Amino acid sequence: MANFWQYVISGLATGATYALVALGLALIYRSSRILHFAHGDITTAGTFVAFTLLGLKLHYMVAFFLALLFGAVLAMSFYFCVLIPAQRREASQLGQIILTLGLGLILQGLVAYFGGTETQSFPFPLSDFKTYQIGEVVISQLSLGTFGIGVLACLLFYLLVQKTRIGLAMRATSENLPAAQTMGIPTRQILALSWGLAALLGVLAGIFLAPALLLDPFFMLEPFLKGFAAAILGGLNSLPGAIVGGLILGVAESLAGGYVSIAFKNTFAFLIIILVLLVRPEGLLGKEFKERV
Amino acid sequence: METLLKIANIETLYYDRIYALHGLSLEVKAGEIFAVLGPNGAGKTTLLKTIAGLLKDQPKKGAIHFMGKRIHRLAPERVARLGIVYVPEDRGLFRELSVKENLDLGCWGRSDSGITDDVEFIYQLFPILKNRAYQQAETLSGGEQQMLAMARAMLRRPKLLMLDEPSLGLAPRVGREVYEALSKISQAGTTILLVEQNAKMALRIANFGYIMESGRIVLEGTAQELQENQDVQELYLGVGGDTVSPKGWRLYKKRRTW
Ligand SMILES: Nc1ncnc2c1ncn2[C@@H]1O[C@H](COP(=O)(O)OP(=O)(O)O)[C@@H](O)[C@H]1O
Ligand SMILES: [Mg+2]
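Residues numbered from 1 in each chain as written. Chains lettered and ligands numbered in written order. Predicted model: local features only at pLDDT ≥ 70, side-chain atom pairs only at ≥ 80, totals over all residues. Heavy atoms only, no water.

### With respect to the confidence of the model for chain B
Residues and elements named next belong to chain B. Chain-level pLDDT for chain B is 85 on average; 91% of the residues reach the 70-or-more range. Predicted confidence for residues 241-252 stays below pLDDT 50, and this span has twelve contacts to residues more than four positions away or in other chains. Among the scores for the predicted complex, ipTM is 0.81 and pTM is 0.85. (pLDDT = per-residue confidence, 0-100. Contact = heavy atoms within 4.5 Å.)

Okay, structure coming up:
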């Protein structure tokens, strides 16, 4: 039983990072109906910025803050400078998805060129080796911090979306764009904000993943795919779904890795996703979009 | 009365080749109710969307002026900010948000002290909305949804309120309630442009009417004049015989005088 709780706890910590990635993807899918394939690469770029700034002996807080800001500005620039012009020229949904893929490839190249391709260790204020004992369960300082930050970020995000005027405008814009426009809501700025927030959540996940995974230009590939899977598991257009999906995925793969074999870590997790989607194609908490004609 | 909205010879196309409006002109004077009547597919919805700026790069030709300012081909947000509020055929509600949230969004961008008075006014007009404040908009009945859409529109203090078939899909009694509310809104000083297939209901409250067909205005006049026009009576008001049947439409095509 102690083993079980051990797996659950470490699964929750990993799941929290998946949840953050998934939250960003769901946020963008909900508001722009776009699958954002550059999400992982924006996250990587942001994490490399943090790494570079730490190398310049900036304080952790300052470096992380600037990295989050960098990610957000990068995503918002992409929205304003590429997506809006593309939409003006009536780019199809698929065309816009390809644009995000393109951005991803460009960022990969830039990160490899400026950041280097060899694996580097990411200095971090929390240690992966310092552990705490709670009952029979052991948790590392890093995992605890990761889970804590994940919960905190989700909570703040929830408050922003559900309790503020900006959040209300975000919900209105993603549900019914023409109606939001006719209300005089500045929908472009609101959508840009969604892109920025998504990137911010992603970079946050990246910063907490980097110390455990070690940093290289492709370190976000697997977490990004997991985040994607988590978002789909939860229902791509549901924000709570993304969080639940991330946590379930984290716990599932941790249990599979612990009880069956570490080799089945990914296999088992994706089996669960396939099963859920067979039963509920719209995802756990997703709702079919009611597109009006 | 001064002219609030002036539309001159506009042409609106879908996909750059399907003409929906062919050189349409009309005027809306401040303080009155204007009704555009016409059969399904006449282009009524297209007209309102063109005014609201919801059809990108349309109208292709012609001009729309609102209070002397040109507004054609402006972004919908800009048109909305000038005080033109559009209630679409599908009501344009945020269906997943609550009634209150929908109303709050109606006050977007406002910070004046008149908000409480306006809220008071709409609750007086539609008391039912107060009881439904925390219900999701999609759980309301059709009539309540139309009322919510109108209430939300009024919170924007429209200089021009445009409605697309407000009685569509409503039981006759509910439709009449909606029209009574429109009448009160007009009396409180709001200019209204409404499009309808239901000519009888619309002409009862309108001051002036336009008959629209295949993207053109084919007849215009005061509500009185239109109600007395024989063609309008036969084709739109259902006076004398089975004119609503397809046979009636053919008949009307032959004998129309416009
Ligand atoms: N999105 C669209 N794409 C192509 N054609 C359209 C579209 N919307 C309307 N039309 C065409 O424009 C004409 C006018 O339609 P509409 O404005 O909806 O008429 P109404 O509201 O009077 O019923 C119709 O012939 C219709 O087929
Ligand atoms: Mg219509």
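Alright, that's what it looks like, and here's the rest.
### Topic: unusual backbone geometry
In this model, B:Q58 is joined to B:P59 through a cis peptide bond whose omega is 0 degrees. Considering the arrangement of structural elements, one finds B:P59 in the loop between α1 (44-52) and β4 (61-66). Unusually for a residue other than glycine, A:E90 sits at a positive phi of about 60 degrees. Relative to the assigned elements, A:E90 resides in the loop between α3 (60-88) and α4 (93-115). For A:E90, a relative accessible area of 59% corresponds to the exposed category. (Helix = DSSP H or I, 4+ residues; strand = E, 2+ residues; numbered from the N terminus. Buried < 20%, exposed > 50% of the residue type's maximum accessible area, 1.4 Å probe, protein only.)

### Digging into the pairing of strand β1 (residues 131-134) of chain A
Within a regular beta strand, the side chains point alternately toward one face of the sheet and then the other, so they alternate between its two faces. Residues and elements named next belong to chain A. Pairing of β1 with strand β2 (residues 137-140) involves four bridges; the strand directions are antiparallel. Bridge pairing in β2 places I134 opposite V137. Joining the antiparallel neighbours β1 and β2 is a turn of two residues, in which G135 adopts a positive phi near 60 degrees. (Pairing = 2+ DSSP bridges.)

### Quick notes on the coordination of the magnesium ion (ligand 2)
Ligation of the magnesium ion (ligand 2) by protein atoms is provided by B:T45 (OG1) and B:E89 (OE), these donors lying 2.0 to 2.7 Å from the ion. Taken together, the residues B:T45 in helix α1 and B:E89 in the loop between β6 (84-87) and α3 (99-106) connect sequence positions 44 residues apart. (Donors = N, O, S within 2.8 Å, 3.2 Å for Na, K, Ca; no water.)

### Some words on the interface of chain B and chain A
Interfaces are frequently sized by the accessible area removed from exposure as the parts join. Residue-level contacts link 24 residues of chain B with 22 residues of chain A. A buried area of about 2,200 Å², summed over both sides, lies between chain B and chain A, and 57% of it is on carbon and sulfur atoms. The largest share of the area that chain B buries against chain A comes from B:E77, B:F94 and B:W108, three residues that together contribute 30% of it. On inspection of chain B and its partner chain A, the count reaches two salt bridges. Note that B:K56 is salt-bridged to A:E90, the shortest N-O span being 3.2 Å. Between chain B and chain A we count eight residue pairs in polar contact (both at pLDDT 80 or more) in total. Elements with a contribution of two residues or more to the side of chain B that touches chain A: α2 (76-81) and α3 of chain B. Among the residues forming the side of chain B that touches chain A, the class breakdown is ten nonpolar, three polar and eleven charged. (Buried area = accessible area lost by both parts, 1.4 Å probe. Salt bridge = Lys/Arg side-chain N within 4 Å of Asp/Glu carboxyl O. Polar contact = N/O pair within 3.5 Å; in protein donor to acceptor, adjacent residues only side chain to side chain. Nonpolar A, V, L, I, M, F, W, Y, C, P; charged D, E, K, R; others polar.)

### Quick notes on a positive patch on the surface
Among the surface-exposed residues, B:K69, B:R78, B:R81 and B:K159 lie close enough to one another that they form a single positively charged patch. Residue position: B:R81 is located in helix α2. (Patch = residues over 30% accessible without salt bridge, like charges linked within 9 Å, V, L, I, M, F, W, Y side chains within 5 Å. Areas by Shrake-Rupley, 256 points an atom, 1.4 Å probe, with all protein chains shown as cover. Lys, Arg positive; Asp, Glu negative; His and termini not counted. Charge placed at Lys NZ, Arg CZ, Asp CG, Glu CD.)

### A closer look at the site of ligand 1
Residues and elements named next belong to chain B. Close contacts around ligand 1 come from Y14, Y15, A20, P39, N40, G41, A42, G43, K44, T45 and T46, and that covers them all. Within the side chain of N40, one N or O atom sits 3.1 Å away from an oxygen atom of ligand 1. One of the backbone nitrogen or oxygen atoms of K44 is found 2.8 Å away from an oxygen atom of ligand 1. With the chains in place, 63% of the 550 Å² that ligand 1 exposes on its own is no longer accessible. (Near = heavy atom within 4 Å.)

### Comments concerning the sheet that holds strand β7 (residues 160-164) of chain B
All names here are of chain B. Judged by pairing direction, the sheet is mixed, and its six strands sit side by side in the order β6-β7-β8-β3-β9-β10 without closing on themselves. Where the open sheet ends on each side, the last strands, each with one partner, are β6 and β10 (216-222). Across this sheet, the average inter-strand angle for adjacent strands is 15 degrees, counted without regard to direction. Two strands pair when backbone bridges link them, and strand β9 (residues 208-213) and β10 are joined in this way by six bridges, in the antiparallel orientation. (Axes fitted to C-alpha atoms, helices over the stretch in contact; angles between N-to-C directions.)

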